[in-house]
Amino acid sequence: MSLFTTTYDVIVVGGGHAGSEAAAGSANMGAKTLLITMNLQNIAQMSCNPAMGGIAKGQIVREIDALGGYSGVVTDKTAIQFKMLNKSKGPAMWSPRAQSDRMQFAECWRTMLEQTENLDFYQDSVNGLLFDGDTIIGVKTALGLEIKAKTVIVTAGTFLNGLIHIGEKTFGGGRAGESASTGITEDLVAKGFESGRMKTGTPPRVDGRSLDYSKMTEQPGDEITEKFSYLPTTKPLQKQRSCYLTYTNPEVHELLKEGFDRSPMFNGRIKSTGPRYCPSVEDKINRFAEKDRHQVFVEPEGWTTVEIYVNGFSTSLPEDIQDKAIRAIPGFENVKFFRYGYAIEYDYFPPTQLKHSLETKLINNLFFAGQINGTTGYEEAAAQGLMAGINAALKTQNKEPFILKRSEAYIGVLVDDLITKGTEEPYRMFTSRAEYRTLLRQDNADLRLTPLSYAIGLASEERMNRVIEKRDKTKDLIDFITNLSVKKEVLNPILEAKGLTLVNQTVKLFKIAARPQLSFNDLIGIESLNIYMEENSIDAEIIEQVEIHLKYSGYIEKEKNNADKLNRLENVPIPSTFNYSKVKSLSFEAREKLSKIKPITISQASRISGVSPSDISVLLVYMGR
């Protein structure tokens, strides 16, 4: 097959986290896919910190896995530490996070992609897009090749006209040591797209042999580890590497301030917006002047390397300032640098220019995923990549797009937020962004999403069978506990050991199991429960589901009812040709925003900033409701 004569179903531009998931998703959907990237050695590179998951991001990785994406499997296979964050809070807040071996992570991703059917690779830079009117028909590369495709997914990361800043030095680049990508932005702007600039940064990498860990606090992983993938092919970690915690101090802050006049952040050379929730260290000491210290996490880059990622010390200050200031941090007195921190500016396209499928509104068959849409973070990028890959494949098969609701997935919240509200600063997911987070837990992503993915032909039969088994065993165990009567002579010793109120008669077990002070493990001494669990091969995953149901079923039911009410509005469509300017009862702002974003349902319209409840009432009247 020649690149000169083949028309691909899907071309994916860029091989980062978004591009890798997009390529895997479309290929596994049966679409003939080509992944074009500037350097095949850097597929799925962890450009910033060597970790996956975290608050809300861990839920996204589990959702990607439940749908049949690769991020969860790769993370499990290459993790060096695992933690379940927020375990002291309710299960809606539990968020898995893993430190990864950076080199193994990229190698594992490439191996899995190379073993994926329907997927071809080509190393070159895409510097132009090919159009036929308002439809994309392929890409143009730096070597002058014109490669044809039915759909194209652009996942360019920080490479579109990327500009790297260190102190007063500025040079073009998409990442340290890699050139920027030019041409794509210009072609899109010529087609009427609106573009903007964003900024992100990265901290120094240092030699772990030069650090004094005795001055830091050790941060080990969880004693009992879990994992991301629902598949049995990956296993929880048996051994782990520790991270370490230290702090900046007033001396560090004063040394950093010496470089502020040469900082691209403060002298006007960086004009774009950086990530609010992952600010540079100079931004932190400037914005939070009242704080005399900030956390610095010392994170190993892998099992065998001595390279250390200095999390919390992202900076674009001059090298001499970085060198002086970091030595005042306890444990860093004799530090040796592998590379200095830097900031990078790049082009993005405000995501209100997209449909829910991540296809652009202006150009048919063109999809955007990742940082081009104004997001930050590997997990957010990977989720968009997977959804774009699925939808590009479905488009070539003349099928309806695959869209997740806000009540179905964090991925649904992410996409809806981007295209409905837009973003003027790098968007990061938080649990607080999801109004149905009690439903969208990390433990039930497979129950929520695998059936939907299986129905469109992505999730495997093995995955689906595991979900059916998990669902049925959970329901059967809940029924058993609901109907099991236990004598007071059996229950009271358990309650007494916990200092809880005793019972004076035989009671149904579910009433006792629902007590917040008791865990399921406390009930293991009940013989009939034990026998049932052994006979039915009940594992920890089922126990977790049952325990959450017993303790939180009231909250879960309430949230389901709220979601159902909102979903009724999701079913009230707005015709794409609807003329808002004729509806004089709408506020001027609502008419302007609705005309620009073109929501597809009343529910989406209600989430647009500037559209009031009274505007929604007017629209409902017009829609005959």
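See the structure above.
The structure contained in this document is the topic of the report that follows.

What about the overall build of the chain?
Tallying secondary structure elements over the chain gives 19 helices and 22 strands in all. In terms of C-alpha radius of gyration, the chain reaches 26 Å, essentially the compact-globule figure of 25 Å for 625 residues. Taking the principal axes of the C-alpha coordinates as reference, the chain spans close to 80 × 70 × 55 Å. With 625 residues in all, the chain has 57% of them scored as buried. A sequence separation of at least 24 residues applies to 72% of the contacts in the chain between residues at least 6 apart. Taken as a whole, the chain presents about 26,000 Å² of accessible surface, with 50% of it coming from carbon and sulfur. The positive charge centre, built from 75 side chains, and the negative charge centre, built from 77, are 4 Å apart in the chain.

Thoughts on helix H2 (residues 57-67)
Among the 11 residues that make up H2, 11 are buried, leaving the element largely enclosed by the rest of the structure. Looking at H2, one finds that the buried residues are Lys57, Gly58, Gln59, Ile60, Val61, Arg62, Glu63, Ile64, Asp65, Ala66 and Leu67. Following H2 by one or two positions, Gly68 adopts a phi angle in the positive range, close to 110°.

Some words on the pattern of salt bridges
Taken as a whole, this structure holds 38 salt bridges when the rule is applied. Close ionic contact of Arg262 with Asp320 constitutes a salt bridge, the shortest N to O distance being 2.9 Å. With Arg262 in the loop between helix H6 (250-257) and helix H7 (281-287) and Asp320 in helix H8 (residues 319-326), the pair connects residues that are 58 residues apart, well separated along the chain. Take Arg262: its relative accessible area is 24%, and that puts it in the partly exposed class. On the basis of relative accessible area, Asp320 is assigned to the partly exposed category, the value being 41%. What you see here is one network of salt bridges that share partners, running through Arg406, Asp416, Asp417, Lys421, Glu435 and Arg607.

Here we look at the packing of aromatic side chains
In this description, an aromatic ring pair is defined by two values, namely the gap between the centres and the angle between the planes. Summed over all chains, the structure comprises 11 aromatic pairs. Counting every residue linked through ring pairs, the aromatic cluster contains Phe193, Phe349 and Phe368. Sitting above the plane of the Tyr230 ring, Arg62 keeps its charged end 4.1 Å from the centroid. Looking at Lys87, its charged tip hangs above the ring of Trp94, at a distance of 3.8 Å from the centre.

Looking at the side chain of Asn249
You can see Asn249 is positioned in the loop between strand S15 (243-247) and H6. Owing to a relative accessible area of 19%, Asn249 belongs among the buried residues under this scheme. In terms of polar contacts, Asn249 uses its side chain to reach the backbone amide nitrogen of Glu251, at 3.1 Å. With residues near it in sequence (within four places) discarded, Asn249 still touches Asp292, Ala328 and Pro330.

A few points about the pairing of strand S7 (residues 126-132)
Here S7 runs beside strand S8 (residues 135-141); their pairing, made up of 6 bridges, is antiparallel. Note on S8: the bridge partner recorded for Leu129 is Val139. Hairpin connection between S7 and S8: a loop of 2 residues separates the two successive antiparallel strands, and Gly133 in this loop has a positive phi of roughly 65°.

Details of the nonpolar core
By size, the foremost hydrophobic cluster in this structure holds 103 residues, and its most contacted members are Ile11, Ile147 and Ile411. Of the residues forming this core, the biggest block, 11 residues, is contributed by helix H9 (residues 378-396). Apart from the residues within four sequence positions on either side, Ile147 is in contact with Leu3, Tyr8, Ile11, Leu34, Ile36, Tyr122, Leu130, Ile137, Gly138, Val139 and Thr141. Membership of the second largest hydrophobic core comes to 26 residues, among which are Leu491, Ile494, Val507 and Met533.

Some words on the layout of surface pockets
In this model, the second largest pocket occupies a volume close to 940 Å³. The greatest single-element share of the lining of the second largest pocket, amounting to 8 residues, is contributed by helix H16 (residues 540-570). In terms of residue class, the lining of the second largest pocket is made up of 12 nonpolar, 4 polar and 12 charged.

Regarding the pairing of strand S12 (residues 196-202)
Walk down a regular strand and you will see the side chains alternate between the two sheet faces. For S12, the buried fraction is high: 6 of the 7 residues fall into the buried class. Direction of pairing for S12 relative to strand S19 (residues 342-348): antiparallel, over a ladder of 7 bridges. Bridge pairing links Thr200 to Ile344 in S19.

Focus on empty space enclosed by the protein
This model, assessed by the stated rule, comprises 3 cavities of 30 Å³ or more. In this structure, the largest cavity occupies an estimated 60 Å³ of space. Of all elements in the fold, only H9 and helix H10 (410-421) reach the threshold of two or more residues within the lining of the largest cavity. Looking at the lining of the largest cavity residue by residue, the classes come out as 6 nonpolar, 3 polar and no charged. Of the volumes computed, that of the second largest cavity is approximately 50 Å³. Lining the second largest cavity, in full, are Thr75, Asp76, Ala79, Phe82, Ala98, Glu226, Lys227, Phe228, Lys235 and Leu237. Secondary-structure elements contributing two or more residues to the lining of the second largest cavity are helix H3 (71-78) and strand S4 (79-85). Taken together, the residues of the lining of the second largest cavity break down into 5 nonpolar, 1 polar and 4 charged.

Procedures and definitions
- Residues numbered from 1 in each chain as written.
- Predicted model: local features only at pLDDT ≥ 70, side-chain atom pairs only at ≥ 80, totals over all residues.
- Heavy atoms only, no water.
- Helix = DSSP H or I, 4+ residues; strand = E, 2+ residues; numbered from the N terminus.
- Rg over C-alpha atoms; globule rule 2.2 N^0.38 Å.
- Buried < 20%, exposed > 50% of the residue type's maximum accessible area, 1.4 Å probe, protein only.
- Contact = heavy atoms within 4.5 Å.
- Areas by Shrake-Rupley, 256 points an atom, 1.4 Å probe, with all protein chains shown as cover.
- Lys, Arg positive; Asp, Glu negative; His and termini not counted.
- Charge placed at Lys NZ, Arg CZ, Asp CG, Glu CD.
- Salt bridge = Lys/Arg side-chain N within 4 Å of Asp/Glu carboxyl O.
- Phe/Tyr/Trp six-rings, centres within 6.5 Å; stacked < 30°, edge-to-face > 60°.
- Lys NZ or Arg CZ within 6 Å of the ring centre and 35° of its normal.
- Polar contact = N/O pair within 3.5 Å; in protein donor to acceptor, adjacent residues only side chain to side chain.
- Pairing = 2+ DSSP bridges.
- Core = buried A, V, L, I, M, F, W, Y, C linked by side-chain atoms within 4.5 Å.
- 1 Å grid on protein atoms, 1.4 Å probe; cavity = no way out; pocket = protein on both sides within 12 Å on 5 of 7 lines; lining within 4 Å.
- Points joined across faces, edges and corners; volume = space filled by probe spheres on them.
- Nonpolar A, V, L, I, M, F, W, Y, C, P; charged D, E, K, R; others polar.

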